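Examining the three-dimensional arrangement
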Amino acid sequence: MPGSLEPLDLGVQIPYHFRCPISLELMRDPVTVSTGQTYDRASIESWVATGNTTCPVTRAPLTDFTVIPNHTLRRLIQDWCVANRSFGVERIPTPKQPADPILVRSLLNQASSRSSPPPVRLSALRRLRGLARDSEKNRSVIGSLNAREILLDVVFSNMDSDLSHESLALLVMFPLAEPECAFVAAESDRVLYLSRLLFHSSFEVRVNSAALIEIVVAGTRTPELRAQISNVDEIFEGVIEILRNPIAYPRALKIGIKSLFAMCLVKQTRHKAVSAGAAETLIDRLADFEKCDAERALATIELLCRIPAGCAAFAAHALTVPLLVKIILKISDRATEYAAGALLSLCSASEESQGEAVAAGIMTQLLLLVQSDCTDRAKRKAQLLLKLLRDSWPEDSIRNSDDFACSEVVAPF
């Protein structure tokens, strides 16, 4: 009932009117709708976004979907948080208000106006970038006002300028539609410009160039256009240099591996990645990736191991086989599948790799894998590896593996 208090695990009770009627959680950004009811902004926006047109509390139709910040209630909530700090309650920050579409349109007009002085255009782009960084809501507002087309024009009509670099930094915050990706990929001058930016003196410009390359390659369905980008030697060299760079921060590593993976999906140009040093860089950097990026890196390794040059390059690195063996069942099911696939290619191509794998303890890893809840593809690769490596196992290892029902594991499919 209104005005009642409910106990929390924190040992403190939240006043009823501080809770959002939808989520029942403490409101962080209270806003009032046309019916006079107040909700947390994220909750009511989600309610409306799913197609609801009525007030959740009163069930009255929402005549206007505009929400008004309830500053008085938000300040009361903040004061309550401060008063209960001893119970572990953290003060909610004052939320930034969503970008005004009128302001965004004005800034986009300034940024795109070729009659405006470059400093004015640059200032507009920087303000837009600041707004885009603030929230997903702001990025949605900016993207809905034809921003991508405007930014693409600024990037490629003002090459090698601060305007181009600032537009690029803003552009990579948005997904591109296929026609927009084709706009970049179809013109060799634009592709070559991005490849030059990969060697820019500013590391941020280099990372943003790699980000746009990844967006374009991943968003282009035409094989010829994808090949046109990945056929540029400097692009592989630049992306791999980003991964190799000791100052690479998490975003740089993420963008670098996403770009390399996207380009390695083009079969006919994988040898360029190998020539640019992808094998050594991926193995040396593997431990630095976060989970999903490590999965992508292992997928890239498996792709490159499918070509002879890639197999040779990875086999030449002393840590490749031991590291891949160690990864099995460690990071995730996907990581295990990719590691097993890469090991299958390496061991199929080289008896030396087979010996390294056995020495690294692959037998136990594979026998555990085939009895795990991992993917069917990973298990199939493990079974193929077990059959391939059977002659390389020490006899005592085979004799002691009866508990794993090895003979059934490696039975023909």
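Residues numbered from 1 in each chain as written. Predicted model: local features only at pLDDT ≥ 70, side-chain atom pairs only at ≥ 80, totals over all residues. Heavy atoms only, no water.

Let's talk about the nonpolar core
Stated precisely, the cut-off is as follows: Among buried residues, the Ala, Val, Leu, Ile, Met, Phe, Trp, Tyr and Cys ones that are joined through side-chain atoms within 4.5 Å form a nonpolar core. For each residue, the accessible area found with a 1.4 Å probe, counting protein chains only, is set against the maximum for its type, and the residue is called buried under 20%, exposed over 50%, and partly exposed in between. Strands are runs of DSSP state E lasting at least two residues, helices are runs of H or I lasting at least four, and both sets are numbered from the N terminus onward. By definition, residues are in contact when any of their heavy atoms lie within 4.5 Å.
Counting 108 residues, the largest nonpolar core has Val104, Leu212, Ile235, Leu260, Ile301, Phe314 and Leu366 as its most contacted members. A per-element tally of this core places helix 10 (residues 203–219) first, with 10 residues. Beyond its immediate chain neighbours, meaning those up to four positions away, Ile301 contacts Leu282, Ile283, Leu286, Phe314 and Ala342. Grouped together as the second largest cluster of nonpolar side chains are 20 residues, Cys20, Val31, Val33 and Cys81 included.

Some points on the packing of helix 12 (residues 233–244) against helix 15 (residues 278–285)
Heads up, the rule is: Here an axis means a line fitted to C-alpha atoms, over the contact stretch when the element is a helix, while the angle between two N-to-C directions is reported on a 0 to 180 degree scale. Roughly parallel covers angles under 35 degrees, roughly antiparallel covers those over 145, roughly perpendicular covers 65 to 115, and oblique covers all other angles. Helix crossings are classified by the rotation of the near helix relative to the far one: an anticlockwise turn of less than a right angle makes the crossing left-handed, while a clockwise turn makes it right-handed. Gly is put with the polar residues, along with every residue not named as nonpolar or charged; the nonpolar set is Ala, Val, Leu, Ile, Met, Phe, Trp, Tyr, Cys and Pro, and the charged set is Asp, Glu, Lys and Arg.
Across the interface, helix 12 lies against helix 15 with an axial gap of 10 Å and an inter-helix angle of 25 degrees. Regarding the angle of helix 12 to helix 15, the classification is roughly parallel. Note on packing geometry: the crossing formed by helix 12 with helix 15 is left-handed. In contact with Ile240, Leu243 and Arg244 of helix 12, helix 15 contributes Ala278, Thr281 and Arg285. Looking at side-chain class alone, the contact of helix 12 with helix 15 contains 3 nonpolar, 1 polar and 2 charged residues.

Some details on the packing of aromatic side chains
For the record, the criterion: In this scheme Phe, Tyr and Trp rings, the latter by its six-membered ring, pair at centre separations within 6.5 Å, and the angle between planes marks the pair as stacked below 30 degrees, edge-to-face above 60, and tilted otherwise. Criterion for a charge above a ring: Lys NZ or Arg CZ within 6 Å of the ring centre, and within 35 degrees of the ring normal.
Taken as a whole and judged by the stated rule, the model has 4 aromatic pairs. Taken together, a centroid distance of 6.4 Å and an interplanar angle of 65 degrees make the contact between Phe156 and Phe183 edge-to-face. With Phe156 in helix 6 (residues 147–157) and Phe183 in helix 8 (residues 178–185), this residue pair connects regions lying 27 residues apart in the sequence. Among the residues examined, Phe183 registers a relative accessible area of 32% and is labelled partly exposed. With 6.1 Å between their ring centres and 75 degrees between their planes, Phe156 and Tyr193 make a pair best called edge-to-face. Of this pair, Phe156 sits in helix 6 while Tyr193 sits in helix 9 (residues 188–197), and the two are 37 residues apart along the sequence. Here the aromatic residues Phe156, Phe183 and Tyr193 are joined through ring pairs into a cluster of three or more. Over the aromatic face of Phe183 sits the side chain of Arg190, whose NZ or CZ is 3.7 Å from the ring centroid.

Observations concerning the environment of Met363
Among the secondary structure elements, Met363 is positioned in helix 21 (residues 362–370). The exposure class assigned to Met363 is buried, which follows from its relative accessible area of 13%. C-alpha separation for the pair Met363 and Leu386, spaced 23 residues apart in sequence, amounts to 7.2 Å.

So, the pattern of salt bridges
Going by this rule: Salt bridges are defined as contacts in which a side-chain nitrogen from Lys or Arg sits within 4 Å of a carboxyl oxygen from Asp or Glu.
On inspection of all chains with the given rule, the structure shows 20 salt bridges. For the salt bridge of Glu166 with Arg129, the shortest nitrogen-to-oxygen distance reads 3.2 Å. Pair noted here: Glu166 is in helix 7 (residues 162–171) and Arg129 is in helix 4 (residues 118–134), with a separation of 37 residues, a long-range link. Its relative accessible area of 11% is what places Arg129 among the buried residues.

Comments concerning the packing of helix 19 (residues 333–349) against helix 22 (residues 376–389)
Interaxial distance between helix 19 and helix 22 falls to 9 Å at its minimum, and their mutual angle equals 25 degrees. If you check the angle between helix 19 and helix 22, you find them roughly parallel. With respect to the hand of their crossing, helix 19 and helix 22 are arranged in left-handed fashion. Across from Glu337, Ala340, Gly341, Leu343, Leu344, Cys347 and Ser348 in helix 19, the residues of helix 22 making contact are Arg377, Ala378, Lys381, Leu384, Leu385, Leu388 and Leu389. Here the residues of the contact of helix 19 with helix 22 sort into 9 nonpolar, 2 polar and 3 charged.

A word on the sheet that holds strand 5 (residues 68–69)
Going by this rule: The pairing criterion is simple: DSSP has to find at least two bridges between the two strands.
In spatial order, the strands read 4-3-5; together these 3 strands make up an open sheet with antiparallel pairing. In this open sheet, the two strands that pair with only one neighbour each are strand 4 (38–40) and strand 5. Two strands pair when backbone bridges link them, and strand 3 (residues 30–32) and strand 5 are joined in this way by 2 bridges, in the antiparallel orientation. In the sheet register, Val31 faces strand 5, and the bridge partner there is Pro69.

A few points about unusual backbone geometry
Trans is the prevailing form of peptide bonds, just as negative phi is the prevailing case for residues other than glycine. Despite not being glycine, Leu24 has its phi angle at roughly 65 degrees, a positive value. With respect to the helices, strands and loops of the structure, Leu24 is situated in the loop between strand 2 (13–15) and strand 3. With a phi close to 65 degrees, Leu329 is a non-glycine residue in the positive phi region. Looking at the element boundaries, Leu329 is found in the loop between helix 18 (320–327) and helix 19. For Leu329, a relative accessible area of 34% translates into the label partly exposed.

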